[in-house]
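# Overview (structure and organization)
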Protein chains: 2
Amino acid sequence: MTYCLGIKTRTGLVLASDSRTNAGLDQVNTCRKMHTLVQPGERVFVLLTSGGLALGQSVLTILGEQCDAGKGLAQAATLYEAARCVGDAVRHVEGLDRAALERDKIPFNLHIILGGQVRGSAPDLYLIYPQGNPLHVTEESPFLQVGEIKYGRPILDRGIRYEETTLEEAAKYALLSLDSTMRSNMTVAPPIDLLLYRDGDLAIRQHCRFLADDPQLAGIRNHWEQELRRAIQALPPVRFSATPSSP
Amino acid sequence: MTYCLGIKTRTGLVLASDSRTNAGLDQVNTCRKMHTLVQPGERVFVLLTSGGLALGQSVLTILGEQCDAGKGLAQAATLYEAARCVGDAVRHVEGLDRAALERDKIPFNLHIILGGQVRGSAPDLYLIYPQGNPLHVTEESPFLQVGEIKYGRPILDRGIRYEETTLEEAAKYALLSLDSTMRSNMTVAPPIDLLLYRDGDLAIRQHCRFLADDPQLAGIRNHWEQELRRAIQALPPVRFSATPSSP
């Protein structure tokens, strides 16, 4: 399993991913799921992959080769065009591998979050489906998730607002959303990659990687649990019926 | 779908359930999932049901008839014995209905949370599986959930401690856990039943039911989102690498 998410606010993007890959419970490995393609000052792309590891690798290889040849993502004028490039690569790999996978009852499963910016257009965030079509993030629900999405969603739903949330706050939400998921699903695990992209950077300036025993991650987790308990205490008590009602 | 949960702390129990039932998306209804069997001063049982509505109704009918005849739950000396009674009723219904269901590819699906107290023994909390065997709550993870359990779990994991959490706090956690779930899954919906049982009550004294437009529920939700944002701001900022690292 995997958990990756991207957040878009008025001032930029935050992207985060775990690093656990597994085929069954007895074949567990660590693999980075955050990948970047950067032409400093010109374009930044961050890809988060969820699904078949071999499939994601093939897509990344194709996109990298195209870039090196000055094509594909190297030519995209907007994030929408970039999302279409990624979708085309997904469809290409689907053509190569799907029939062989399905013969053995393995679904063609690959979801990719693409965030970034091309000079002259705004930062943006897409989810590319296994079918290759791109979903655009919305201001009403300004985040996208792939993989084990349920545990980490309520904190995003409750807290993130496109206009108001700062990127520094969004980074905290992303980290806590991942931490909540790791706590409940052992197939989501560190290292965690966390990247903050500010509108206009056109380079990777703020990235960090948290290992399992990272003291900063442990500190944030402990601090958060204390804050959460304080917040619960600050809520007004539930008013139960004065006369007992029977359920 | 359904979401029900039970919490056990040092001083008692909190139980909560939604009321949405559906067969597909176009057949949606409201149905109470919290059921009580009470002999005041002697024994209190609260059952939360998740799964086939018809199956849960049959189990409740059987348990009620046994009780009226002074048998089953009316004779159980502990919550463990009560959980075994519930499991026996589940197995009885399984014998009646499973073959017919499976002929039409419908699984025999019924999970029941049982909380309560019998005079002379401590309050307790069990989950009865579709196979009829009972799972006991633990002090390390002092809550049990059935149905759509993922969205509402992180807040319980982070906040609830068997020894320290008060019942009033546990009621807030239960309500927020349900509210988080309703927000993300439309097959979990009000009215919400919330019941607080204090050790030794041997009666239902604190129960309430929140409709969709309940002002108390809306107030708690809004207050909680404010508290959450304040808590995020109180967290120390994530320290990114001074020198940009490439993912």
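Everything below is about the structure printed above this text.
Residues numbered from 1 in each chain as written. Chains lettered and ligands numbered in written order. Predicted model: local features only at pLDDT ≥ 70, side-chain atom pairs only at ≥ 80, totals over all residues. Heavy atoms only, no water.

What follows deals with the side chain of Ser 19 of chain A. Residues and elements named next belong to chain A. Take Ser 19: it is sitting in the loop between strand 2 (12-17) and strand 3 (20-22). The buried category is assigned to Ser 19, whose relative accessible area is 0%. Within the local environment of Ser 19, its side chain forms a polar contact with the backbone oxygen of Pro 191, the two atoms lying 2.6 Å apart. Among residues more than four places away in sequence, those in contact with Ser 19 are Asn 29, Thr 30, Cys 31, Arg 32, Lys 33, Ala 189, Pro 190, Pro 191, Asp 193 and Arg 209. (Helix = DSSP H or I, 4+ residues; strand = E, 2+ residues; numbered from the N terminus. Buried < 20%, exposed > 50% of the residue type's maximum accessible area, 1.4 Å probe, protein only. Polar contact = N/O pair within 3.5 Å; in protein donor to acceptor, adjacent residues only side chain to side chain. Contact = heavy atoms within 4.5 Å.)

With that settled, the discussion passes to helix 5 (residues 215-234) of chain A. Residue and element names in this part refer to chain A. Over its 20 residues, helix 5 runs 28 Å from end to end, which matches the ideal 28 Å to within 8%, given 1.5 Å per residue. For helix 5, every residue scored as buried is listed here: Gln 216, Leu 217, Ile 220, Trp 224, Glu 225, Glu 227, Leu 228, Ala 231 and Ile 232. Residue Asp 214 occupies the N-cap position of helix 5, its side-chain oxygen lying 2.7 Å from the main-chain nitrogen of Gln 216. (Expected span 1.5 Å × (residues − 1).)

Bringing the relation of the copies chain A and chain B into the picture now. The transform that puts chain A on chain B rotates by 180° and translates by 0.0 Å along the axis, for an RMSD of 0.0 Å. Here the copies are linked by what is in effect a two-fold axis. Among all residues of chain A, the minimum C-alpha distance to the rotation axis is found for Tyr 151 of chain A, at 2.4 Å. (Least-squares fit on C-alpha atoms with pLDDT ≥ 70 in both.)

The next thing to look at is the interface of chain A and chain B. Many structure descriptions define interface size as the accessible area lost when the parts assemble. Facing 56 residues of chain A, the contacting portion of chain B comprises 56 residues. In this assembly, chain A packs against chain B so that about 5700 Å² is buried in total across both faces, 59% of it on carbon and sulfur atoms. Across the contact surface, chain A and chain B share eight salt bridges. With a closest N to O distance of 2.9 Å, Asp 179 of chain A and Arg 158 of chain B form a salt bridge. Counting across the interface, chain A meets chain B through 28 residue pairs in polar contact (both at pLDDT 80 or more). Elements with a contribution of two residues or more to the side of chain A that touches chain B: strand 5 (34-39), helix 3 (153-159), helix 4 (167-184), strand 11 (192-198), strand 12 (206-210) and helix 5 of chain A. (Buried area = accessible area lost by both parts, 1.4 Å probe. Salt bridge = Lys/Arg side-chain N within 4 Å of Asp/Glu carboxyl O.)

Next up on the list: the state of the cysteines. This model, assessed by the stated rule, comprises zero disulfides over all chains. Not engaged in a disulfide, the cysteine Cys 85 of chain A finds its nearest cysteine sulfur in Cys 67 of chain A; these two sulfurs lie 8.5 Å apart. Distance from the sulfur of Cys 208 of chain B, which forms no disulfide, to the nearest cysteine sulfur (Cys 4 of chain B) is 15 Å. Since its relative accessible area comes to 6%, Cys 208 of chain B is described here as buried. (Disulfide = S-S within 2.5 Å.)

A few words now on helix 2 (residues 79-103) of chain A. Residue and element names in this part refer to chain A. With 25 residues, helix 2 extends 35 Å between its outermost C-alpha atoms, agreeing within 8% with the 36 Å of an ideal straight helix rising 1.5 Å per residue. Where helix 2 bends most, the angle comes to about 50°, and this point is Asp 97. Among the residues of helix 2, Leu 79, Ala 82, Ala 83, Cys 85, Val 86, Gly 87, Ala 89, Val 90, Val 93 and Leu 101 are the ones counted as buried. In this structure, the buried residues of helix 2 make contact with strand 6 (43-51), helix 1 (53-68), strand 7 (110-118), strand 8 (124-128) and strand 9 (134-136). Between a side-chain oxygen at the N-terminus of helix 2 and the backbone nitrogen of Tyr 80 the separation is 3.3 Å; the capping residue is Thr 78. (Bend = angle between axes of the 7 residues up to and from the residue.)

Attention shifts here to the pairing of strand 1 (residues 3-9) of chain B. Residues and elements named next belong to chain B. For strand 1, the buried fraction is high: seven of the seven residues fall into the buried class. Of the two faces of strand 1, the one holding Tyr 3, Leu 5, Ile 7 and Thr 9 and the one holding Cys 4, Gly 6 and Lys 8 are both buried throughout. Bridge count between strand 1 and strand 10 (residues 143-147): five bridges; the pairing is antiparallel. Within the sheet, the bridge partner assigned to Tyr 3 lies in strand 10 and is Gly 147. In textbook terms, the turn of a hairpin is the stretch between consecutive antiparallel strands, and for strand 1 and strand 2 (residues 12-17) this stretch comprises two residues. (Pairing = 2+ DSSP bridges.)

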